[in-house]
There are 2 protein chains.
Amino acid sequence: MDLLQEALNSITPLDEKAMAKAKERQDQLTKPAGSLGVLEEISVQLAGIVGNVINDVGNKTVIVMAGDHGVVDEGVSAFPKEVTPQMVANFVNGGAAINVLSRHVGAKVVVVDVGVAVPIEDESVISRKVRSGTANFVKEPAMLREEAVKALETGIEIAYQQVDDGVNLLATGDMGIGNTTPSSAILVALTGRPVDGLVGRGTGIGNGDLDHKKKVITDAIDLLKPNKNDPIDVLAKIGGLEIGGLAGLIIGAAARRVPVVIDGFISGVAALIANRINPLCKGYMIASHVSVEPGHRLILEELGLKPMLHMDMRLGEGAGAVLAMGMVEAAAKIIKEMATFTEANISEKEEGK
Amino acid sequence: MDLLQEALNSITPLDEKAMAKAKERQDQLTKPAGSLGVLEEISVQLAGIVGNVINDVGNKTVIVMAGDHGVVDEGVSAFPKEVTPQMVANFVNGGAAINVLSRHVGAKVVVVDVGVAVPIEDESVISRKVRSGTANFVKEPAMLREEAVKALETGIEIAYQQVDDGVNLLATGDMGIGNTTPSSAILVALTGRPVDGLVGRGTGIGNGDLDHKKKVITDAIDLLKPNKNDPIDVLAKIGGLEIGGLAGLIIGAAARRVPVVIDGFISGVAALIANRINPLCKGYMIASHVSVEPGHRLILEELGLKPMLHMDMRLGEGAGAVLAMGMVEAAAKIIKEMATFTEANISEKEEGK
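Residues numbered from 1 in each chain as written. Chains lettered and ligands numbered in written order. Predicted model: local features only at pLDDT ≥ 70, side-chain atom pairs only at ≥ 80, totals over all residues. Heavy atoms only, no water.

Visitor: What should I look at first to understand the overall build of chain A in this one?
Guide: Helices and strands together make up the secondary structure of chain A, namely 14 helices and 6 strands. In terms of overall size, chain A behaves like a compact globule, its C-alpha atoms giving a radius of gyration of 20 Å where 353 residues would be expected to give roughly 20 Å. Referenced to the eigenvectors of the C-alpha coordinate spread, the extents of chain A come out at roughly 70 × 45 × 40 Å. Here chain A holds 353 residues, and the buried ones make up 66% of them. Counting contacts in chain A only where the partners sit at least 6 residues apart, residues at least 24 apart contribute 75% of the total. Counting every atom, chain A has about 11800 Å² of accessible surface; 49% of that belongs to carbon and sulfur. Chain A carries 34 positive and 45 negative side-chain charges, and their two centres are separated by 3 Å. (Helix = DSSP H or I, 4+ residues; strand = E, 2+ residues; numbered from the N terminus. Rg over C-alpha atoms; globule rule 2.2 N^0.38 Å. Buried < 20%, exposed > 50% of the residue type's maximum accessible area, 1.4 Å probe, protein only. Contact = heavy atoms within 4.5 Å. Areas by Shrake-Rupley, 256 points an atom, 1.4 Å probe, with all protein chains shown as cover. Lys, Arg positive; Asp, Glu negative; His and termini not counted. Charge placed at Lys NZ, Arg CZ, Asp CG, Glu CD.)

So this is what it looks like as structure tokens:
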């Protein structure tokens, strides 16, 4: 059996017993029941994922998957294609937002080249290039189906490696100039919704370019007719390599019962693909922020995820996800370190109130 | 001149030049302009507050002001009054949510007794008791005007002491069983809005008790007729000592040009009082989370504050504020540590896009 199928088969539902125990403990801690809101919910979810009430999620890694997009030739992005490898170099040198934020929360940054168009020589980048960028999907499929599967399996392997190295909290990050175009295209194809309201400005294109971006997406879907009931077909025809890599990372995290924090729009599309392939995946996902990209809310809705951070971010890289990792760690510490009413000798809520 | 007036007179508008310089630097950093959203806005605000583009906000302290409320005799709270000193002891012992979250973000917790009903002996609590709890404001004013001023001045003094000790980021926290009742009463009095839609369940009272809580507030306002144009009159008649202490803390922070992160509903009411006394205060405030208490959104709207965290919290203690302190620190690090396009040799946005 191949790696993808093996990973998908090994994903199980969350541990309901551990979740009930975590909920019970939360209600004994010195605070009104439920008053820590999402922090309590996350601690219960972590219990369901790991199978224990008390969990350490301090070994945190954000995986930044990088890839290029042939469709950038259509003029859909505000930045030129060479920025993808330039930003990969910036990640390696520690000067990008994801580096600063990861240092701040104590997370490791792992950069994976799944499909940058040019060679990346740097040793500290994990070299797993499936192909040198996708094809321009207005003219032909972005990649072959086998390449899409390979991107997914790359993500699974990266997840497994990280977990084997002791990582207990993963986050998704992306780098790929132009990647809001394939992401929006995937969203349109998978949901069947119109491009208006789902397609946004990415790194900041103007009105005319936005209309053009919508047309590019509509034309590509008309030409290639991706099958909405086959997420891998959609990924192959109008997707991206880093999007596939991230979907695989999420599948791998779920297979190994490790929580994975989902960044913004691009990561959200990857999460949607993972969940369409196996709907048990969403139990392992923790939403971070709600992006400015208009399609993001629809994704969160379908996945039933509530983003903690409302910070008008639209960077990608995993920037929102690493900030949310700090919140997940806080949730794990709350259930571990807070005193109970009995321990602290505190009067409980009055009956009938 | 008294301390309150001196502090109010020394508050100045934000430094527009420093803010323009910070904005300019943000646009040179290796990300699409504006793509870090609120993190960028905070870095600009910090520049305006401190007067420098690069700022260290790593010396973080949350001030938890504790006080009791005579109106608890009316049965407005789900928890008995003795929980206030019990929770103060929990803070001292490090077992409360605020302790866990403050350790997580590296903030110090300072607990101030501004008006707990019973004596607090613990040395690690700053003893600044203005009076032993407020009076039951359904029957008589919660406190004298001089006591309200003393509570405000206590907060100012605490802010000054902290700043003198090197603290460069403050946060507000509260502890006081029953304090959503005076807070809601203040909000109703200051805004003239009806109780419906502004008064919430606090630590978790049922429907019948919620109606009773609204009646208590309406009766108190009818009896005492607080002057909505005189925030100190409102604070004295239907307020609380910890609420006054927190309003003073905010005034003190603004007077000393130190950013102050505002927690949830109780702290929000304190921020509203501070800002009604001197509308320059709001420039120094950073919103943290949006509370479940229904009146909180109205406060944020009047202050023009955007909460970063949407986590369904309703605990108080400063729990949301310390989590947001981590975000403020992240914002300060972004503008300090990120590489510029020139430094990283990265192509900028294409013209006309």
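Visitor: So what exactly am I meant to see when it comes to the pairing of strand E1 (residues 60-67) of chain B here?
Guide: Two faces belong to every sheet, and in a regular strand the side chains alternate between them. Residues and elements named next belong to chain B. Buried residues dominate E1, accounting for 8 of its 8 residues. Residues of E1 alternate between two faces, with Lys60, Val62, Val64 and Ala66 on one and Thr61, Ile63, Met65 and Gly67 on the opposite face, all of them buried. Sheet topology places E1 next to strand E2 (residues 107-115); 8 bridges connect them, and they run parallel. In the sheet register, valine 64 faces E2, and the bridge partner there is valine 111. Alignment of E1 against strand E4 (residues 169-175), held across 7 bridges, turns out to be parallel. Note that in E4 the partner of threonine 61 across the bridge is leucine 170. (Pairing = 2+ DSSP bridges.)

Visitor: Help me understand unusual backbone geometry in this model?
Guide: Residues other than glycine predominantly adopt negative phi, and peptide bonds predominantly adopt the trans conformation. Positive phi outside glycine occurs at Asp312(A), with the angle close to 50 degrees. Here Asp312(A) is to be found in the loop between helix H12 (296-303) and helix H13 (319-337). With a phi angle near 55 degrees, Arg257(B) is a residue other than glycine that sits in the positive phi range. Its place among the elements puts Arg257(B) in the loop between helix H10 (241-255) and strand E5 (260-262).

Visitor: I tried to follow the sheet that holds strand E2 (residues 107-115) of chain A on my own but got confused; where do I start?
Guide: Across a sheet, paired strands are connected by hydrogen bonds in the backbone, their directions being either parallel or antiparallel. Residues and elements named next belong to chain A. Ordered by their spatial adjacency, 6 strands build an open sheet running E3-E2-E1-E4-E5-E6, and the pairing between neighbours is parallel. Bordering the open sheet on either side are strand E3 (125-127) and strand E6 (285-287), each of which pairs with just one other strand. Within the sheet, the average angular offset between the axes of one strand and its neighbour, ignoring direction, is 30 degrees. (Axes fitted to C-alpha atoms, helices over the stretch in contact; angles between N-to-C directions.)

Visitor: Would you mind going over the domain arrangement of chain A with me for this structure?
Guide: A common way to state how big an interface is: give the accessible area lost once the parts meet. All names here are of chain A. Looking at the assigned domains, one finds that chain A contains domain 1 (2-54 + 336-344) and domain 2 (60-327). One C-alpha centre belongs to domain 1, the other to domain 2, and the line joining them spans 28 Å. Taken together, the 21 residues of domain 1 in the interface contact 25 residues of domain 2. At the surface where domain 1 touches domain 2, the tally comes to 1 salt bridge. Notably, a salt bridge pairs lysine 306 with glutamate 41, separated by 3.2 Å at the nearest N-O pair. The interface formed by domain 1 and domain 2 contains 10 residue pairs in polar contact (both at pLDDT 80 or more). Counting only elements with at least two residues in the side of domain 1 that touches domain 2, the list comes to helix H1 (3-9) and helix H3 (38-50). In terms of residue class, the side of domain 1 that touches domain 2 is made up of 13 nonpolar, 4 polar and 4 charged. (Domains from an automatic or database assignment. Salt bridge = Lys/Arg side-chain N within 4 Å of Asp/Glu carboxyl O. Polar contact = N/O pair within 3.5 Å; in protein donor to acceptor, adjacent residues only side chain to side chain. Nonpolar A, V, L, I, M, F, W, Y, C, P; charged D, E, K, R; others polar.)

Visitor: Can you walk me through the side chain of Asp263(A) in this structure?
Guide: Residues and elements named next belong to chain A. Along the chain, aspartate 263 falls in the loop between strand E5 (260-262) and helix H11 (265-277). Although aspartate 263 is buried, it forms no salt bridge, and the closest oppositely charged side chain is arginine 314 at an N-O distance of 13 Å. In this structure the side chain of aspartate 263 is engaged in a polar contact, spanning 2.9 Å, whose partner is the backbone nitrogen of glycine 320. Residues in contact with aspartate 263, not counting those within four places in the same chain, are Thr172, Asp174, Ser288, His289, His296, Gly316, Glu317, Gly318, Ala319, Gly320 and Ala321.

Visitor: Got a minute to help me understand the packing of H10(B) against helix H11 (residues 265-277) of chain B in this structure?
Guide: In a packed pair of helices, the relevant descriptors are the angle between the two axes and the axis-to-axis distance. All names here are of chain B. One way to put it is that H10 packs onto H11 with a least axis distance of 8 Å and a crossing angle of 55 degrees. With respect to their mutual orientation, H10 and H11 come out oblique. The hand of the H10/H11 crossing is right-handed. Counted together, Ile243, Leu246, Ala247, Ile250 and Ile251 of H10 and Ile266, Ser267, Val269, Ala270, Ala271, Ile273, Ala274 and Ile277 of H11 form the full contact between these two elements. (Parallel < 35°, antiparallel > 145°, perpendicular 65-115°, else oblique. Left-handed = near helix turned anticlockwise from the far one by under 90°.)

Visitor: Is there a simple way to explain the packing of helix H7 (residues 180-191) of chain A against helix H9 (residues 231-238) of chain A in this structure?
Guide: Residue and element names in this part refer to chain A. Two elements in contact, H7 and H9, have axes whose closest approach is 10 Å; the angle formed by their N-to-C orientations is 145 degrees. As for how H7 packs across H9, the hand of that crossing is right-handed. Contact residues: Pro182, Ala185, Ile186, Ala189 and Leu190 in H7; Pro231, Val234 and Ile238 in H9.

Visitor: Would you take a moment to explain helix H12 (residues 296-303) of chain B for this structure?
Guide: What sets the pattern is the α-helix's 3.6 residues per turn: residues three or four places apart point alike. Within the span of H12(B), buried status applies to His296(B), Leu298(B), Ile299(B), Leu300(B) and Leu303(B). Looking at the buried positions of H12(B), the neighbouring elements they touch are helix H7 (180-191), H11 and strand E6 (285-287) of chain B.

Visitor: Would you mind showing me how to read the interface of chain A and chain B here?
Guide: The interface of chain A with chain B comprises 65 residues on the first partner and 64 residues on the second. Of the roughly 5100 Å² buried between chain A and chain B on both sides combined, carbon and sulfur atoms contribute 61%. Across the chain A-chain B interface, the total number found is 4 salt bridges. If you look at where chain A meets chain B, you find 26 residue pairs in polar contact (both at pLDDT 80 or more). Breaking the side of chain A that touches chain B down by element, the ones donating at least two residues are H3, helix H4 (83-93), helix H5 (97-105), H13 and helix H14 (341-344) of chain A. Tallying contributions element by element places H13(A) first for the side of chain A that touches chain B, with 9 residues. Of the residues in the side of chain A that touches chain B, the class split is 32 nonpolar, 18 polar and 15 charged. (Buried area = accessible area lost by both parts, 1.4 Å probe.)

Visitor: Teacher, can you tell me more about the confidence of the model for chain A here?
Guide: Should the pLDDT be low somewhere, the predicted coordinates at that spot are not to be read in detail. Counting all residues, the mean pLDDT for chain A is 96, and 99% of those residues have values of 70 or more. The ipTM value of the predicted complex is 0.97, and its pTM value is 0.97. (pLDDT = per-residue confidence, 0-100.)

Visitor: How should I be thinking about the packing of aromatic side chains in this particular structure?
Guide: The relative placement of two aromatic rings is captured by the distance of their centres and the angle of their planes. According to the stated counting rule, one finds 2 aromatic pairs over all chains in the structure shown. With a centroid separation of 6.4 Å and 15 degrees between ring planes, the pair formed by Phe79(A) and Phe341(B) is classed as stacked. Here Phe341(B) lies in helix H14 (residues 341-344) and Phe79(A) lies in the loop between strand E1 (60-67) and H4, a pairing that spans two chains. Of the two residues examined, Phe79(A) and Phe341(B), each falls in the buried class. In this structure, Arg256(A) is placed above the aromatic ring of Tyr160(A), and the distance from its NZ or CZ to the ring centre is 5.2 Å. (Phe/Tyr/Trp six-rings, centres within 6.5 Å; stacked < 30°, edge-to-face > 60°. Lys NZ or Arg CZ within 6 Å of the ring centre and 35° of its normal.)

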